[in-house]
Amino acid sequence: MKCHTMERFDLQPHLVGELVEMRPLRPEDWEELFAVAADPLIWEVHPARDRYKEELFREYFREGLESGGALIAVDRRTRTIIGSSRYFWYGPDPGELEIGWTFLARSHWGGVYNGEMKRLMLDYAFKFVDRVIFLVGTTNFRSQKAMKKIGGILTERRVQRSLNGNLFEFVIFEIRRSDNDESIAANSTC
């Protein structure tokens, strides 16, 4: 049985893979992370389509710092910031952890980097929980496809969240620890 307590789970671990290093978000990361996020094409299918604007991304960045679960993705070869992701204790079930708020520089799209980021984060999470969920906008088909690529299972669950004062609906994908062993390993280099 896994330990399901937030006290034992570090929401900002330092995770190192072959291509990507995930480390805690720091205030001094603002300039380099915003340089990545300022690309409107990153956000074109996301519910918060205008997150590339500085004032909106500043709010996203602030919330990431305050969450205590935001991680920066660093390309290990170039040592540059290429994106971000976040751990979040989702709800009343302490065995359910969310991974979300993920974005990558378009130069790193295509599955290899996202796959490794998710594999690193899932491998760490599954030391503590049996189930990880991912909230994806109902019209964000690019992210839905990426979730399926790493073994995410679309559930019947839906949730609404407010982004920049607007209410959006999200579908919930799930990966269970028992499913993770073969799915992420097989698809992390897609």
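Being a predicted model, the structure only gives us computed values, none of them experimental.

Asker: How do you make sense of empty space enclosed by the protein when you look at a structure like this?
Answerer: Where empty space is left becomes clear once a probe the size of a water molecule has been rolled over the atoms. The tally for this structure, following the rule as stated, stands at one cavity of 30 Å³ or more. Each pocket or cavity is described by its volume, and for the largest cavity that value is around 30 Å³. Forming the walls of the largest cavity are Leu25, Leu33, Tyr60, Phe61, Gly64, Ala70, Ser84 and Arg86. Counting residues per element, the ones that place at least two in the lining of the largest cavity are helix H2 (54-67) and strand E4 (81-89). Among the elements that line the lining of the largest cavity, the one with the most residues is H2, at three residues. Its residues assigned to classes, the lining of the largest cavity shows five nonpolar, two polar and one charged.

Asker: Can you help me understand the packing of helix H1 (residues 30-37) against H2 in this one?
Answerer: Between two packed helices, what matters for the description is the angle formed by their axes and the separation of those axes. At a closest axis distance of 11 Å, the pairing of H1 and H2 adopts a crossing angle of 125°. Considered as vectors, H1 and H2 are oriented oblique to each other. Read as a crossing pair, H1 and H2 show a hand that is right-handed. For the pair formed by H1 and H2, the contact residues are Trp30, Leu33, Phe34 and Ala37 on the first element and Glu54, Phe57, Arg58 and Phe61 on the second. For the contact of H1 with H2, a count of residues per class yields six nonpolar, no polar and two charged.

Asker: In this structure, what is going on with the layout of surface pockets? I would like to understand it.
Answerer: As a volume, the largest pocket reaches approximately 950 Å³. Among the elements of the structure, H2, strand E5 (96-104), helix H3 (112-125), strand E6 (131-137), helix H4 (141-149) and strand E7 (153-163) are those that each provide at least two residues to the lining of the largest pocket. Take the lining of the largest pocket: its biggest share by element is seven residues, from E5. Partitioned by chemical class, the residues of the lining of the largest pocket number 20 nonpolar, 12 polar and nine charged.

Asker: Help me out: how do you make sense of the side chain of Glu21 in this one?
Answerer: Mapped onto the secondary structure, Glu21 falls in strand E2 (residues 20-24). Reaching out from Glu21, the side chain makes a polar contact with the side chain of His14 at a distance of 2.6 Å. Among residues more than four places away in sequence, those in contact with Glu21 are His14, Leu15, Val16, Ile72, Ala73, Val74, Arg76 and Arg79.

Asker: How do you make sense of the packing of aromatic side chains when you look at a structure like this?
Answerer: We describe a pair of aromatic rings using the distance from one ring centre to the other and the angle between the two ring planes. Here the structure, examined in full by the defined rule, presents 16 aromatic pairs. On the numbers, 5.0 Å between centres and 45° between planes, the contact of Trp43 with Phe103 is tilted. On the criterion of sequence distance, the pair formed by Trp43 in the loop between H1 and H2 and Phe103 in strand E5 is long-range, its members being 60 residues apart. Exposure class is identical for Trp43 and Phe103. Each is buried. Seen in terms of ring centroids, Phe57 and Phe103 are 5.9 Å apart; in terms of plane orientation they differ by 90°. Their pairing is edge-to-face. Of this pair, Phe57 sits in helix H2 while Phe103 sits in strand E5, and the two are 46 residues apart along the sequence. For the pair Phe57 and Phe103, one class covers both residues: buried. Clustering of aromatic rings is evident, with ring pairs tying together Trp30, Phe34, Trp43, Phe57, Tyr60, Phe61 and Phe103. One residue, Arg86, lies across the ring of Trp101, its end atom 4.3 Å from the ring centre.

Basis of the calculations
- Residues numbered from 1 in each chain as written.
- Predicted model: local features only at pLDDT ≥ 70, side-chain atom pairs only at ≥ 80, totals over all residues.
- Heavy atoms only, no water.
- 1 Å grid on protein atoms, 1.4 Å probe; cavity = no way out; pocket = protein on both sides within 12 Å on 5 of 7 lines; lining within 4 Å.
- Points joined across faces, edges and corners; volume = space filled by probe spheres on them.
- Helix = DSSP H or I, 4+ residues; strand = E, 2+ residues; numbered from the N terminus.
- Nonpolar A, V, L, I, M, F, W, Y, C, P; charged D, E, K, R; others polar.
- Axes fitted to C-alpha atoms, helices over the stretch in contact; angles between N-to-C directions.
- Parallel < 35°, antiparallel > 145°, perpendicular 65-115°, else oblique.
- Left-handed = near helix turned anticlockwise from the far one by under 90°.
- Contact = heavy atoms within 4.5 Å.
- Polar contact = N/O pair within 3.5 Å; in protein donor to acceptor, adjacent residues only side chain to side chain.
- Phe/Tyr/Trp six-rings, centres within 6.5 Å; stacked < 30°, edge-to-face > 60°.
- Buried < 20%, exposed > 50% of the residue type's maximum accessible area, 1.4 Å probe, protein only.
- Lys NZ or Arg CZ within 6 Å of the ring centre and 35° of its normal.

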